[in-house]
Amino acid sequence: MFPIRLEAVTPFRKLNNNSRRINIHYKKEKKGNKNFIGNFLHNKTQEDSDKSGITQQFIDMQNARLKDKHTQVKLEQDAQLNEEHTQVKAGQDTQIEQESVHQNVEEQENLLETDKVTISLNQGELLIVTGPENSGKNELLLQIAGIKKIHSGKILYFDEEKLPRNRKNYLIYVPSSQLFFENRTVEENIVIMCELANIPFNYASRKIKPLYYIYGLERMKHTVVKDLPKSINSILSLFVMEIIMPEVLIIGTQDFYGDQISEDFFFERLSYIKNKGIAIAIASQRFGNLNYADKILLLSEKEILFNGTKRDLEQLSTGQNIEIGLMEILEKSYHKKFGK
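Notes on the structure in this doc start here.

Here is what the cut-offs are and how they apply
- Residues numbered from 1 in each chain as written.
- Predicted model: local features only at pLDDT ≥ 70, side-chain atom pairs only at ≥ 80, totals over all residues.
- Heavy atoms only, no water.
- Helix = DSSP H or I, 4+ residues; strand = E, 2+ residues; numbered from the N terminus.
- Expected span 1.5 Å × (residues − 1).
- Buried < 20%, exposed > 50% of the residue type's maximum accessible area, 1.4 Å probe, protein only.
- Contact = heavy atoms within 4.5 Å.
- Polar contact = N/O pair within 3.5 Å; in protein donor to acceptor, adjacent residues only side chain to side chain.
- Pairing = 2+ DSSP bridges.
- Axes fitted to C-alpha atoms, helices over the stretch in contact; angles between N-to-C directions.
- Phe/Tyr/Trp six-rings, centres within 6.5 Å; stacked < 30°, edge-to-face > 60°.

## A few points about helix α6 (residues 260-274)
Consideration 1: If you check α6, its first and last C-alpha atoms are 21 Å apart, about what 15 residues at 1.5 Å a residue would give, namely 21 Å.
Consideration 2: Within α6, the full set of buried residues consists of S262, E263, F266, F267, R269, L270, S271, I273 and K274.
Consideration 3: Looking at the buried positions of α6, the neighbouring elements they touch are β8 (126-130), α4 (201-215), α5 (232-244), β11 (248-251) and β12 (279-284).
Consideration 4: The N-cap residue of α6 is D259: its side-chain oxygen and the backbone nitrogen of I261 are 3.3 Å apart.

## Description of the environment of F287
Consideration 1: Within the secondary structure, F287 is located in the loop between β12 and β13 (295-300).
Consideration 2: With a relative accessible area of 12%, F287 lands in the buried category.
Consideration 3: A C-alpha to C-alpha distance of 8.2 Å links F287 and I322, two positions 35 residues apart in sequence.
Consideration 4: Not counting residues up to four positions away in its chain, the partners in contact with F287 are T130, G131, L298, E323, L326, M327 and L330.

## Considering α5
Consideration 1: The end-to-end C-alpha distance of α5, which contains 13 residues, comes to 19 Å, matching closely the 18 Å that a straight helix rising 1.5 Å per residue would cover.
Consideration 2: In terms of burial, α5 is a largely internal element, 13 of the 13 residues being buried.
Consideration 3: M245 sits one or two residues past α5 and shows a positive phi near 50 degrees.

## Some details on the sheet that holds strand β10 (residues 171-174)
Consideration 1: What the six strands build is an open sheet, ordered β10-β11-β12-β8-β13-β14; its pairing is mixed. The strands lining the two open edges of the sheet, one partner per strand, are β10 and β14 (303-309). For this sheet, the mean angle separating the axes of adjacent strands, direction not counted, is 15 degrees.
Consideration 2: Pairing of β8 with β12 involves five bridges; the strand directions are parallel. Residue pairing for β12: T130 is matched across the bridge by S284.
Consideration 3: The strands touched by helix α2 (residues 137-144) within the sheet are β8, β10, β11, β12 and β13, with β12 carrying the most contacts at an inclination of about 155 degrees.

## Focus on unusual backbone geometry
Consideration 1: Even without being glycine, M245 reaches a positive phi, approximately 50 degrees.
Consideration 2: Along the chain, M245 turns up in the loop between α5 and β11.
Consideration 3: A relative accessible area of 27% means that M245 is categorised as partly exposed.
Consideration 4: The phi dihedral of K302 is positive, around 60 degrees, even though this residue is not glycine.
Consideration 5: Positionally, K302 belongs in the loop between β13 and β14.

## Here's the deal with the sheet that holds strand β9 (residues 152-157)
Consideration 1: Strands sit in the order β7-β1-β9 across an open sheet of three strands; the sheet is antiparallel. For this open sheet the edge positions go to β7 (117-121) and β9, each flanked by a neighbour on one side alone. Looking at each pair of strands side by side, their axes are set apart by 5 degrees on average, direction ignored.
Consideration 2: Bridging between strand β1 (residues 4-10) and β7 involves four bridges; their strand directions are antiparallel. Paired with L6 across the strands is I119, a residue of β7.

## Structural notes on the packing of aromatic side chains
Where two aromatic rings form a pair, the distance of their centres and the angle of their planes describe that pair.
Consideration 1: A complete count under the given rule lists eight aromatic pairs for this structure.
Consideration 2: For the pair Y215 and F265, a centre-to-centre distance of 5.3 Å together with 80 degrees between the ring planes defines the contact as edge-to-face. Highlighted residues: Y215 in helix α4 and F265 in helix α6, separated in sequence by 50 residues.
Consideration 3: Using a relative accessible area of 7% as the deciding quantity, one classes Y215 as buried.

Set out below in structure tokens:
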């Protein structure tokens, strides 16, 4: 029985709202011309006439579609003829390359582009959702936490579709934004968070004292949070989670502001908590943290590029390195998308 299981979940949906699309096709025709000035004026007059005819034909066709469907569609049409390129050589005939325009409206249904993900997160496992900025990491974690609605599929918590009411502190979500009261001290914030989680003060106090030394917060406990280095906020969040010890812990992307020591300590301690039997999912932009992961989910622009274990990733990588493997997957997706 897994604490969290995603069954064919569609986390992201992309809609193409253009149900009608105008396609403009250009056909080039070469015409010989000895009298450049006279032929140019003749062609220009003819092009304006053709343009007017095409415009009227397009309007008639669109009005017929609107009448059949009983809808109101505004469609602006701006068809421009490309500039005519001419090459004039003394004593030689010149050619004008004339482009004729053909327009048609294609009906196109709203396309639903989906990526489905199926994954089970067991007790004592760490899932790292990674990918570039704005790839959808935090959105997916909000859905796993039950805060945001999924588009299709099921998210099960101990095989139930709803969070169990009879389990205290079953699942806790730590946002990527500020969690604490900035004008309160570290100690006051810890007490407040424990009260919100219904943790008895006697139980919390027995755990708080040794954790102060482990986390290096003994000298900071009477300091107001806003006066602390920003990287300490993530450390302090994990401190509180270690007191509460939920069965499932979901953490949004944490910013360590370039403090590598704090970031390394955070993930080492997260791995320690995981080994206590907690199922943890966290978003991270840094591939260097993936060595702590049991399962990895790679996203890019709200597309799921990889879903598996470190071993799966090492087998895909030519360099037998998970960071290189992820970079190769990202590069392939970019080449496929941009045709390079």
